[in-house]
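# An overview of the molecular structure
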Amino acid sequence: MNNVPGKERKEWRELLTGQLEFKLDNFVLQMQIDQTRRAIDSSRMTLEEGVDKIHALCEKYSLAVYPDMQTIFKI
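Small disclaimer: the values here were computed from a predicted structure and weren't measured. Residue numbering note: each chain is counted from 1, following its sequence as written. Local features in this predicted model are restricted to residues whose pLDDT is 70 or higher, and side-chain atom pairs enter the listing and the counts only when it is 80 or higher, whereas totals over whole chains, interfaces and linings include all residues. The basis for the side-chain values is all heavy atoms of the structure; hydrogens and waters are excluded.

### Quick notes on the pattern of salt bridges
Just to be clear on terms, a salt bridge is a Lys or Arg side-chain nitrogen sitting within 4 Å of an Asp or Glu carboxyl oxygen. Using the criterion set out here, one finds five salt bridges in the structure. Notably, a salt bridge pairs K7 with D52, separated by 3.1 Å at the nearest N-O pair. One end of the pair, K7, is in the segment before helix 1 (10-17); the other, D52, is in helix 3 (residues 47-60), and 45 residues separate them in sequence. A 1.4 Å probe rolled over the protein chains alone gives each residue an accessible area, and that area as a share of the maximum for its type sets the label: buried under 20%, exposed over 50%, partly exposed in between. Of the residues examined, D52 reaches a relative accessible area of 37% and is grouped as partly exposed. Between E11 and R9 there is a salt bridge whose closest N-O contact spans 2.9 Å. Here R9 falls in the partly exposed class, since its relative accessible area comes to 28%. Runs of H or I in DSSP of at least four residues are treated as helices and runs of E of at least two as strands, each being numbered from the N terminus.

### As for the packing of helix 1 against helix 3
Here an angle of 0 to 180 degrees is reported between the N-to-C directions of two axes, which are lines fitted to C-alpha atoms, with helices fitted over the stretch in contact. Contact geometry for helix 1 and helix 3: axes closest at 10 Å, N-to-C directions at 110°. As the angle between them shows, helix 1 and helix 3 are arranged roughly perpendicular. Of helix 3, the residues touching helix 1 (which contributes W12, R13, L16 and T17) are L47, E48, G50, V51, I54, H55 and C58. Ten residue types, Ala, Val, Leu, Ile, Met, Phe, Trp, Tyr, Cys and Pro, are classed as nonpolar, four, Asp, Glu, Lys and Arg, as charged, and the remainder, Gly among them, as polar. Grouping the amino acids of the contact of helix 1 with helix 3 by side-chain chemistry returns six nonpolar, three polar and two charged. Oblique is the label for any angle not under 35 degrees, not over 145, and not in the 65 to 115 range, which are roughly parallel, roughly antiparallel and roughly perpendicular in turn. Contact criterion: two residues are considered in contact whenever any of their non-hydrogen atoms come within 4.5 Å of each other.

### Quick notes on empty space enclosed by the protein
Cavity and pocket criteria rest on a 1 Å grid covering protein atoms alone: a 1.4 Å probe that fits but cannot get out defines a cavity, protein on both sides within 12 Å along at least 5 of 7 lines defines an open pocket, and an atom within 4 Å of a point defines a lining residue. Grid points are joined across faces, edges and corners, and a volume is the space filled by probe spheres set on the points. Tallied over the full model, the rule gives one cavity of 30 Å³ or more. If you trace the largest cavity, you find it lined by L15, E21, F22, L24, Q30, I33 and R37. At three residues, helix 2 (residues 27-41) tops the list of elements feeding residues into the lining of the largest cavity. Tallied by class, residues from the lining of the largest cavity come to four nonpolar, one polar and two charged.

### Comments concerning the side chain of E14
Within the secondary structure, E14 sits in helix 1. Relative accessible area serves as the criterion here: at 18%, E14 is assigned to the buried category. Look past the residues within four positions of E14 in its chain and what remains in contact with it is Q19 and L20.

By themselves, these observations are geometric and do not establish any function.
This is the structure in structure tokens:
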């Protein structure tokens, strides 16, 4: 069961640039988003690499992050 929206959705980029701010239920997801934002801000990672990283995490743990996907993507 995969409830993770595709990487083309603008919300992924908005989440990693700080345009979207949420208090997420999944602590690991919140921590990875924060860490990825810092890596993007310091040019250690591109925005697209960040999207790939967070999307892969969400696909791997889709059941655990489903409530957060509902919050972020209004699904």
